[in-house]
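# Observations on the model geometry
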Amino acid sequence: MDGMSPVEAPTTTPSTGVATAVEPSSGRAPSVEPSSGAAPTPSVEPSSGAAPTPSGEASSSAAPTLPPRGAVRLPRPAPRGPISTALLAALSRSPGAVDLGPLRAAVAARLTDPTDWRTDEDVQLALLCLYELHYRGIAGVDDDWEWDPDLLAVRAALEVPFEAELRRTVPVPECDRRDRTGVAERLFALTAAADGPSLSRHVARKTTEPQLRELLVHRSIYQLKEADPHTWAIPRLAGGPKAALVEIQADEYGDGDPHRMHAELFALVMRAFGLDDTYGAYVDHVPAATLASLNAMSLFGLHRRLRGAIVGHLAAFEMTSSLPNRLYGNGVRRLGHDDVAATWYFDEHVAADAVHEQIAGRDLAGALAEQEPELVDDILFGAACCLALDGAAAARMMQAWDADGTSLLRPLP
Amino acid sequence: MTDHGRTTDGHPSTPPRPGSIVACPDGPLLVRGDVEVLDADGRPVDKGRRTVALCRCGGSSIKPWCDGTHKVNGFSSST
Ligand code: FES
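Computed from a predicted structure; not experimentally measured.

## Describing the pattern of salt bridges
Under the counting rule described, the total for this entry stands at 27 salt bridges over all chains. Note that Glu121(A) is salt-bridged to Arg80(A), the shortest N-O span being 2.7 Å. A residue pair is termed long-range when its members are at least 10 positions apart, and Glu121(A) in helix α3 (residues 121-132) and Arg80(A) in the segment before α1 (82-91) qualify at 41 residues. In this structure, Asp41(B) and Arg43(B) form a salt bridge, with 3.3 Å as the shortest nitrogen-oxygen distance. The exposure classification of Asp41(B) matches that of Arg43(B), with both residues exposed.

## A closer look at the sheet that holds strand β1 (residues 20-23) of chain B
Strands in a sheet are paired, the pairing made by backbone hydrogen bonds, and the direction either parallel or antiparallel. All names here are of chain B. Spatially, β1-β2-β3 is the arrangement adopted by the three strands of the open sheet, whose pairing is antiparallel. Every other strand in the sheet has two partners, leaving β1 and β3 (52-54) as the edge strands with one partner each. Across the sheet, the axes of successive neighbouring strands diverge by a mean angle of 25°, strand direction being ignored. Sheet topology places β1 next to strand β2 (residues 29-32); four bridges connect them, and they run antiparallel. The residue of β2 that forms the bridge with Val22 is Leu30.

## Quick look at the nonpolar core
Ranked by internal contacts, the top residues of the largest apolar core, which has 119 residues, are Leu103(A), Leu151(A), Leu166(A), Leu187(A), Leu199(A), Phe273(A) and Phe300(A). At 14 residues, the largest contribution of residues to this core is made by helix α15 (residues 376-402) of chain A. In contact with Leu187(A), not counting residues within four places along its chain, are Ala315(A), Met319(A), Ala365(A), Ile379(A), Leu380(A) and Ala383(A). Judged by nonpolar contacts, the second largest core, of five residues, contains Val31(B), Val37(B), Val52(B) and Leu54(B).

## Here's the deal with the interface of chain B and chain A
Between chain B and chain A, the residue contacts involve 22 residues of the former and 23 residues of the latter. With both sides pooled, the region where chain B packs onto chain A buries about 1700 Å², and carbon together with sulfur makes up 50% of that total. When the area that chain B buries against chain A is broken down by residue, the three leading residues are Asp46(B), Arg49(B) and Lys71(B), summing to 34%. Applying the counting criterion to the chain B and chain A interface returns seven salt bridges.

## Comments concerning empty space enclosed by the protein
Residue and element names in this part refer to chain A. Applying the stated rule across the entire model yields four cavities of 30 Å³ or more. Quantified by volume, the second largest cavity comes out at close to 60 Å³. Every residue lining the second largest cavity is listed: Leu74, Leu128, Glu132, Ser220, Ile221, Lys225, Tyr279, Gly280 and Val283. Those elements that place two or more of their residues in the lining of the second largest cavity are α3 and α7 (209-223). Broken down by class, the residue content of the lining of the second largest cavity amounts to five nonpolar, two polar and two charged.

## Examining the environment of Arg410(A)
Residues and elements named next belong to chain A. Relative to the helices and strands, Arg410 is located in the segment after α15. Taking the relative accessible area as the measure of exposure, Arg410 reaches 38% and is therefore partly exposed. When the C-alpha atoms of Arg410 and His285 are compared, they prove to be 5.4 Å apart, with 125 residues separating the residues in sequence. Not counting residues up to four positions away in its chain, the partners in contact with Arg410 are Ala78, Asp284 and His285.

## A closer look at the pairing of β2(B)
Regular strands place side chains that alternate from one sheet face to the opposite one. Residue and element names in this part refer to chain B. Between β1 and β2, which pair antiparallel in sequence order, lie five residues; one of them, Asp26, sits at a positive phi of approximately 55°. Both β2 and β3 contribute to a ladder of three bridges, which runs antiparallel. Bridged to Leu29 within β3 is Leu54.

## Let's talk about the side chain of Asp228(A)
Residue and element names in this part refer to chain A. Along the polypeptide, Asp228 turns up in helix α8 (residues 228-231). Using a relative accessible area of 17% as the deciding quantity, one classes Asp228 as buried. Polar side-chain contacts of Asp228 include one of 2.5 Å to the side chain of Tyr253. What Asp228 contacts, discounting residues up to four positions off in sequence, is Tyr135, Arg136 and Tyr253.

## Some details on the environment of Pro16(B)
When you line up the elements, Pro16(B) lands in the segment before β1. Note: C-alpha distance between Pro16(B) and Asp26(B) (10 residues apart in sequence) is 29 Å.

## Section: the layout of surface pockets
Residue and element names in this part refer to chain A. The space that makes up the second largest pocket amounts to roughly 730 Å³. Together, 36 residues line the second largest pocket, and Leu199, Arg219, Phe317, Tyr328 and Asp390 are the ones closest to its centre. Mapped onto the lining of the second largest pocket, the elements with two or more residues apiece are α6 (198-205), α7, α11 (288-302), α13 (322-334), α14 (340-371) and α15. With eight residues, the single largest contributor to the lining of the second largest pocket is α7. Partitioned by chemical class, the residues of the lining of the second largest pocket number 20 nonpolar, 11 polar and five charged.

Each value, and the rule that gives it
- Residues numbered from 1 in each chain as written.
- Chains lettered and ligands numbered in written order.
- Predicted model: local features only at pLDDT ≥ 70, side-chain atom pairs only at ≥ 80, totals over all residues.
- Heavy atoms only, no water.
- Salt bridge = Lys/Arg side-chain N within 4 Å of Asp/Glu carboxyl O.
- Helix = DSSP H or I, 4+ residues; strand = E, 2+ residues; numbered from the N terminus.
- Buried < 20%, exposed > 50% of the residue type's maximum accessible area, 1.4 Å probe, protein only.
- Pairing = 2+ DSSP bridges.
- Axes fitted to C-alpha atoms, helices over the stretch in contact; angles between N-to-C directions.
- Core = buried A, V, L, I, M, F, W, Y, C linked by side-chain atoms within 4.5 Å.
- Contact = heavy atoms within 4.5 Å.
- Buried area = accessible area lost by both parts, 1.4 Å probe.
- 1 Å grid on protein atoms, 1.4 Å probe; cavity = no way out; pocket = protein on both sides within 12 Å on 5 of 7 lines; lining within 4 Å.
- Points joined across faces, edges and corners; volume = space filled by probe spheres on them.
- Nonpolar A, V, L, I, M, F, W, Y, C, P; charged D, E, K, R; others polar.
- Polar contact = N/O pair within 3.5 Å; in protein donor to acceptor, adjacent residues only side chain to side chain.

The structure is reproduced here in structure tokens:
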């Protein structure tokens with residue numbers, strides 16, 4: 001193992017009592033917190049020593065934990081074209097104090113040919129930033145931008161061609177039986193036919209250490225906020241489908257234990273591979289094809305109208321997770337990273353997502369199809385989008401590797 | 001809260017979710033609620049999560065849990 005592995009203390013860290021705002025130690029720490037009135041809270045180290053393990057935990061083996069972290073904003077990304085340049089310039093000021101005319105003009109110019117939205121670096125980065133205002137925020141950006149009506153209009157202008165392109169390029173899978181079981185079976189069949197594990201097979205067999213680090217960087221854009229886009233759907237559902245989504249998401253969030261949140265387990269992997277696990281640290285490295293996967297989740301999650309699509313997306317995501325994660329874990333071990341920090345995330349997903357896919361298929365997507373039959377096409381559309389976008393991002397990655405190149409926009413340090 | 005109907009200060013709490021097992025078509029047994037999983041010697045197995053999936057295809061590499069292998073080994077739950 002390299003020297004970057006996290007603290008391998010036994011789980012004597014209490015699972016509570018460390019909820020203190022701590023700025024990241026990385027050099028890319030956000031600069032200003034404009035609309036936060038509170039003085040920064042001093043950092044608190046978790047008390048080592050005699051804290052009890054959570055009751056009923058049989059396995060107090062060497063489960064690694066990360067230092068406590070606070071609410072970290074997305075580092076301000078580098079612009080990639082006229083739209084993101086105008087957007088980031090506007091966001092550096094306060095809403096109301098800025099003329100959005102240059103931003104609207106840049107968007108209007110791009111809208112004269114609204115094609116190739118999924119692979120447009122400028123458009124996808126702009127969408128990522130606009131959605132990020134609803135998640136953790138962006139370093140140095142006033143939170144009041146989140147509900148600025150003029151900025152929301154700009155987001156809508158970028159979203160309409162994005163959704164239109166998805167609807168044009170990703171056909172809605174046919175589904176004869178539209179009851180609970182029929183929809184669940186269709187989703188399982190769709191994901192089984194998607195040949196998803198080709199990237200994971202590659203990782204299991206022959207990916208090099210630098211390529212695996214690249215894969216982690218791509219994945220970090222979503223995985224460090226794993227589950228968040230689908231959580232938007234919870235208040236939009238009712239009854240059985242809502243309960244099913246909560247059952248899945250609670251597990252994603254470590255059942256309330258911050259050290260077991262899947263996003264935290266992913267951070268452990270990044271550190272095991274000597275990568276910066278700060279939220280959004282690599283946003284400038286990641287190409288549009290990868291950003292588009294996350295942006296589609298945000299699009300589906302943030303529009304009530306698209307609740308069927310976000311549910312279908314989650315179902316497909318869970319159904320294409322167990323088997324690939326076993327292969328990813330094999331690849332990680334093949335490269336000599338066999339400590340818990342490097343492998344826990346993958347092993348956890350093998351078991352967890354074998355549960356989640358069953359819940360997502362019948363209790364979530366299937367039950368929603370019966371409750372709101374008009375959503376069936378969108379459920380299937382969301383699932384197909386998950387497969388298409390993740391497939392495109394993976395294909396781009398593997399093409400770059402086949403040509404002995406990098407799949408990132410800039411080399412890793 | 002405790003698992004047995006009383007909070008630590010003795011007040012009644014929400015009873016634990018009753019145990020249930022769902023036989024998933026062509027897949028695992030989904031186990032929810034107040035169910036202990038024991039090994040062959042009667043020792044409790046750490047479930048690791050509230051709801052677990054028990055392999056019934058025989059092909060899982062993480063038994064007793066399901067790892068999704070039933071999707072690629074032709075397992076059928078209908079006879
Ligand atoms: S039932 Fe899923 S692996 Fe056996």
